[in-house]
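# Report on the structure
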Amino acid sequence: MNFSAWAIHRPLPAIMLFVALCAAGLYAFNQLAVSRFPDIAFPMVSVTVTLPGAAPSQLETEVTRKVENAVATLNGVKRVISNVTEGLSTTFIEFHLETPLEPALDEARDAITRIRIDLPPDIEEPVVAKIAVVGGTLIAYAVDAPGWGADELSWFVDDTVSKALFGVRGVGQVVRVGGVEREVRVDLDPQALLGLGVTAGAVSQQLARIQVERPGGQAELGGERQVVRTVGTLDDAADLRNFPIALPDGRSVRLSALADVHDGAADPTELALLDGKPVVGFSISRTRGSSEVEVAHGVREALAQIEADHPGMKFSVTFSTVEEAERSYSSSMTMLWEGGALAVLVVFIFLRDWRATWISALALPLSIIPTFAVMYWFGFSLNLITLLALAVVVGILVDDAIVEVENIVRHLGMGKSPKQAALDAAQEIGLAVIATSATLAAVFVPVAFMPGIAGKFFREFGWTAATAVLFSLLVARLLTPMMAAYQLKAHPEKDGDSRFMQWYLGWVDAALRHKGRTLWIAFALFLGSLALVPLIPTTFIPVSDLGRSNLALELQPGTTIEDTTAVAEQARALLADLPELQQVYTTIGSALDLGDPGKTGVGETRKATLILDWGLADSRERSQKDLERATRERMAGLAGVRVSFMSSEPGEQMQLILSGDDPQRLNDAAQAVERDLRSIDGLGSITSSASLLRPEVVITPDPARAAELGVATDTIAEAARIATAGDFVQRLAKLNLPERQIPIRVGFAKSELREPALIGQLRVPGRDGPVPLSSVATIELASGPAQIARYQRQRNVTLTAELNGRPLGDVMAQVETLPSVQQLPAGVSFLNAGDAEVFVELFVGFLLAMGAGIACIYAVLLLLFNNALQPITILTAVPLCAGGAFGALLLTQNALSLPALIGLLMLIGIASKNSILLVDYAVIAEQEQGMSQHDALVDACRKRARPVVMTTLAMSAGMLPVALGLSADSSFRAPMAVAVIGGLATSTVLSLLVVPAAYAVLDDLRAWAARRRGHASR
């Protein structure tokens, strides 16, 4: 069926179709989420097991290994990663991208339930949770409220602020940073305990038994059924002072005789500072599929309402990635308009007819707006990738309309009426228009099946671009001929070729007379372009200037929070005179959530993170990398401190993993690789997760003496634990308040614990009464690992190197040649992780996608032309792109990265479009008009050179704003546009000569084969 003729004769159905499509697109556009990058996080489930005070090595043996073995066989598991620190074992189960998260979560819970009986009885109940948030911390705030105490403000954030923010659609997590945890402190007097013969455990257990509220059943009293409750709780910490505590000899004393009881705060384990001033902060993360911009807008509105309800309170932004998404969105939309305007301008310059220009330009909105509906249906967002796809294909979207209009204008020049010209031109050009759009769409079909993170980028770009191109095909076949039939005016007939056309046709004639030489020259140019590839650096994603750096400081294990704070403030003072530095937000004891467990790390009191705000890139002379180098130089004066920069941005760090079961061999290998890494020029800080040793007090029971006095090992451990850190949370007595419960923690004051001899004087329950701990055990100072990292059920060491602007591919190539990597000890394996792993996936996936794309194009062309050799002729234009694409990347000093690879993949389809126009008309001229091969090719070049040049210039003009990046940071966008523009230039110029020569050679080959078959049959 000739849809173009149907639309010309019956225009209303076509108009109504696009009215409906545009209405759906506009609705979807308002519903689409806005984010910087696609949601590329793998489905992940975490298993958290807490046993306060337990050493990492103990937790690894008793908890972590059992959890890993239980979850390793779940369906769809990609990898299992564990971090073990003091008292905490966290196992992350990462699934493949296509794995549904809810069933995976249920299976993980079932697996942990089955092994619960094998885990230590004193652990807190294991928490199995899905990682519902994506992208790490979206935005963070600090609260300033004059006159409010730290405990009051902390609870305000935990209660009022959190409730308000969880009411905002898309908020997935609110985490307080800094502040204090309120608790009732029962600070025991060691001398009083010693004199009265009572143990710390006995005091804690008596409080836990007395300070309770329990159900007492039901009873019928006075003819009514009533509930019976036993209430032994107090509402005020002061009342605890008079609580009686039973002594071993039968007497009792008030609690105040044994301890100082006060309503206070737990010992701080984390701290937040804003420009050196202690604050209470909180961070917010979003859920999967939510809009970064909408979530931030809702958060701002909620906080503004809280400020209005509490005069004097102020929320200050300390960290935000929202502005990056907003700038990316606004700049992408600007580039979309600029590219569209330039493409339309090119059309007008060639056609010099505002009616024809308007008809061609209408293809832009009518192709892009319906695409939003398909994006919404696929679950995409308006992110850097999808908007870049639309910005890059702006010039392509008018291609089909240009070809249609130009052909109609040519027919008008023959003296035909507009309607007849539209009918004849649409019929003549129909197959070529369908073929050009189908080949471009076919390039991206294999992309939908690419695995991993890189596939997620390719998938959203490919489907968005292909959808827009197919809608442009629909416009070109339905609306463009119909509008031309009713809008264009008759043109005077034109005879003769222009001087430029005569010059070009002379070259075509020469290429056809020297077909072999033309193809050999083209082949030599292709080989020469491949020689450029080793000169181009390779990386995953180009580095961007975000205007923010995350400076990480790590001190030796055992460092107190006070000492860490002092070092962090010293570091801030060293940077204070940098003119670009606008704000410093410091967190101590908590980890900045970067959205990747491998990069986020674990918060400890010996670790601090300084978030340095440099301001917008266009407001300063030095780049972010220059400022980070200056920062690193100033940090050199901090003795005993590991300094590094943390980043969630892809392409800024390289992670290498060494794994093995022998801890000693693993650490030796890690030290050797780390030493060799430091010999690579240009890298920034290099850090290792190899655990430093932390100081420990080891209590070793004397079995004979303990048995003689009737003291069990677990009793010794319990006495030491309660005295120093308090009992387990689930066993603590609670003070009931109207809105919450406050734990009552029994133990020694921090000042008392500074004396090591106190532990030996602790009283332990024995058969005949309490005995000193030193009488049944030896106490000595030792050391143990501060942290244990595991990867795929083996211990591992992760080495992280800051690329400092160097291409990832170049650094990885150097790493593979290091002696320590090539000569790893037996039992130690080397793995790429993070960006290095994705980098390998990217180039392997690209080669597969390129091969599959070319195969799909061949299949589509074979179906359309019903000829096995003509698709090969069309595909000869593809290698001609290489020289321009690689040369443009080299000249502009852009790396061969993910966006550049997307551009190269796109070039396969774009280059084929130009060839199709030439080959299609040559076939028509040869088969329908009876021309010779030579005359048909010359006539095809005469009739189709103009639309080929027009479409090429329109595409290049549409991508020019993207390549120049005048609206915003162009580090990600520019490589793609540069590669496409460069490839288009060489492909167009060369294909206008090479494709006719290739057609002639293959057509001669076909004729020769036919003659041979004819002779063979006779």
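Above this text you will find the structure in question.
Residues numbered from 1 in each chain as written. Predicted model: local features only at pLDDT ≥ 70, side-chain atom pairs only at ≥ 80, totals over all residues. Heavy atoms only, no water.

## With respect to the overall build of the protein
A tally of regular secondary structure across the protein gives 34 helices and 30 strands. Along the three orthogonal principal directions, the C-alpha set of the protein runs to about 120 × 75 × 65 Å. Restricting to contacts in the protein with at least 6 residues of sequence separation, those with at least 24 account for 81%. Carbon and sulfur atoms make up 57% of the accessible area of the protein, which totals about 42700 Å². Positive and negative side-chain charges of the protein, numbering 83 and 106 respectively, have mean locations separated by a distance of 7 Å. (Helix = DSSP H or I, 4+ residues; strand = E, 2+ residues; numbered from the N terminus. Contact = heavy atoms within 4.5 Å. Areas by Shrake-Rupley, 256 points an atom, 1.4 Å probe, with all protein chains shown as cover. Lys, Arg positive; Asp, Glu negative; His and termini not counted. Charge placed at Lys NZ, Arg CZ, Asp CG, Glu CD.)

## Details of the packing of aromatic side chains
Across all of its chains, the model carries nine aromatic pairs by this definition. On the numbers, 5.9 Å between centres and 80 degrees between planes, the contact of F282 with F315 is edge-to-face. With F282 in strand β14 (residues 277–287) and F315 in strand β15 (residues 314–320), the pair connects residues that are 33 residues apart, well separated along the chain. Given the relative accessible area of 0%, F282 is considered buried. Residue classification places F315 among the buried residues on the basis of a relative accessible area of 9%. Ring geometry for W377 versus F378: centroids 5.3 Å apart, planes at 25 degrees, classification stacked. (Phe/Tyr/Trp six-rings, centres within 6.5 Å; stacked < 30°, edge-to-face > 60°. Buried < 20%, exposed > 50% of the residue type's maximum accessible area, 1.4 Å probe, protein only.)

## Side note on the sheet that holds strand β23 (residues 733–736)
Taken in spatial order, the four strands line up as β12-β7-β24-β23 in an open sheet, and their pairing is mixed. Taken across any chain shown, the strands that pair with only one partner, and hence form the sheet edges, are β12 (259–265) and β23. Sheet twist, expressed as the average angle between the axes of neighbouring strands with direction ignored, equals 30 degrees. The sheet contact formed by β23 and strand β24 (residues 741–748) spans four bridges and is antiparallel. Within β24, the residue paired with N736 across the bridge is Q741. Where helix α7 (residues 200–210) meets the sheet, its contacts fall on β7 (182–188), β23 and β24, and the angle it forms with β24 comes to roughly 160 degrees. (Pairing = 2+ DSSP bridges. Axes fitted to C-alpha atoms, helices over the stretch in contact; angles between N-to-C directions.)

## Considering helix α4 (residues 101–115)
Here α4 contains 15 residues, and its C-alpha end-to-end distance of 22 Å stays within 8% of the 21 Å for a straight helix at 1.5 Å per residue. Listing the buried residues of α4 in full gives L101, A104, L105, A108, A111, I112 and I115. Around the axis of α4, the buried residues are gathered within 125 degrees of arc, so they sit on the same side. In α4, the exposed positions angled more than 90 degrees off the buried face are occupied by T113 and R114. Those residues of α4 that are buried are in contact with β1 (44–50), α3 (56–71), β3 (88–95) and β4 (127–130). (Expected span 1.5 Å × (residues − 1). Arc of directions from axis to C-beta.)

## Re the environment of G784
Tracing the sequence through the fold places G784 in strand β27 (residues 777–785). With 87 residues separating them in the primary sequence, G784 and V697 have C-alpha atoms 10.0 Å apart.

## Looking at the pattern of salt bridges
Applying the stated criterion to the full structure yields 29 salt bridges. Taking the shortest distance from any N to any O, the salt bridge between R182 and D263 comes out at 2.5 Å. With R182 in strand β7 and D263 in strand β12, this pair connects stretches of sequence that are 81 residues apart. Given the relative accessible area of 23%, R182 is considered partly exposed. On the accessibility criterion, D263 (37% relative accessible area) is partly exposed. Across the pair R606 and E554 runs a salt bridge, and its minimum N-O distance is 2.9 Å. Of the two residues, R606 is situated in the loop between α21 (597–600) and β18 (607–613) and E554 in strand β16 (residues 548–554); the sequence distance between them amounts to 52 residues. Take R606 and E554: they sit in the same class, and that class is buried. Linked through salt bridges whose partners overlap, the residues forming this network are E60, R65, E68, R790 and R795. (Salt bridge = Lys/Arg side-chain N within 4 Å of Asp/Glu carboxyl O.)

## Describing unusual backbone geometry
In this model, D275 sits at a positive phi of 55 degrees, which is unusual for a non-glycine residue. Relative to the assigned elements, D275 resides in the loop between β13 (271–274) and β14. Even without being glycine, R793 reaches a positive phi, approximately 65 degrees. Secondary-structure assignment places R793 in the loop between β28 (788–791) and β29 (794–802). Its relative accessible area of 40% is what places R793 among the partly exposed residues.

## Side note on the packing of helix α32 (residues 898–927) against helix α33 (residues 933–964)
Where α32 meets α33, the axes come as close as 8 Å, and the angle between the chain directions of the two elements is 150 degrees. The pairing of α32 with α33 is recorded here as roughly antiparallel in orientation. Where α32 crosses over α33, the handedness of that crossing is right-handed. Here I910, N914, L917, L918, D920, Y921, A922, A925 and E926 of α32 come into contact with α33, specifically with Q933, A936, L937, D939, A940, C941, K943, R944, V948, T951, T952 and M955. (Parallel < 35°, antiparallel > 145°, perpendicular 65-115°, else oblique. Left-handed = near helix turned anticlockwise from the far one by under 90°.)

## Some remarks on a nonpolar patch on the surface
A contiguous nonpolar surface patch, about 400 Å² in accessible area, is contributed by L12, I15, M16 and V19. Overall, the relative accessible area of 36% leaves I15 in the partly exposed class. (Patch = residues over 30% accessible without salt bridge, like charges linked within 9 Å, V, L, I, M, F, W, Y side chains within 5 Å.)

## Quick word on the side chain of T85
With respect to the helices and strands, the residue T85 is situated in strand β2 (residues 77–85). Not counting residues within four places of it along the chain, the set of residues in contact with T85 comprises A54, P56, L59, V602, A786 and Q787.

## Details of helix α5 (residues 150–166)
Compared with the 24 Å implied by 1.5 Å per residue over 17 residues, the 23 Å span of α5 between its first and last C-alpha is a close match. Its maximal kink placed at V157, α5 deviates by approximately 35 degrees. All of the buried residues along α5 are L153, S154, F156, V157, D159, V161, S162 and L165. (Bend = angle between axes of the 7 residues up to and from the residue.)

## Thoughts on the nonpolar core
Among the nonpolar cores identified, the biggest contains 141 residues, and F444, F461, M654, L677, V815 and L898 are the most heavily contacted of them. Considering every element that reaches this core, the biggest residue donor is α32, with 19 residues. Beyond its immediate chain neighbours, meaning those up to four positions away, F461 contacts I385, L388, A389, F444, I902, M906 and M976. With 42 residues, the next largest nonpolar core counts L188, A200, L258 and V261 among its residues. (Core = buried A, V, L, I, M, F, W, Y, C linked by side-chain atoms within 4.5 Å.)

## Digging into the environment of V923
Examined against the element boundaries, V923 turns out to sit in helix α32. Given a relative accessible area of 12%, V923 falls into the buried group. Along the sequence, V923 and I112 sit 811 residues apart, while their C-alpha atoms lie 68 Å from each other. Setting aside chain neighbours within four positions, we find V923 in contact with Q870, E928 and Y999.

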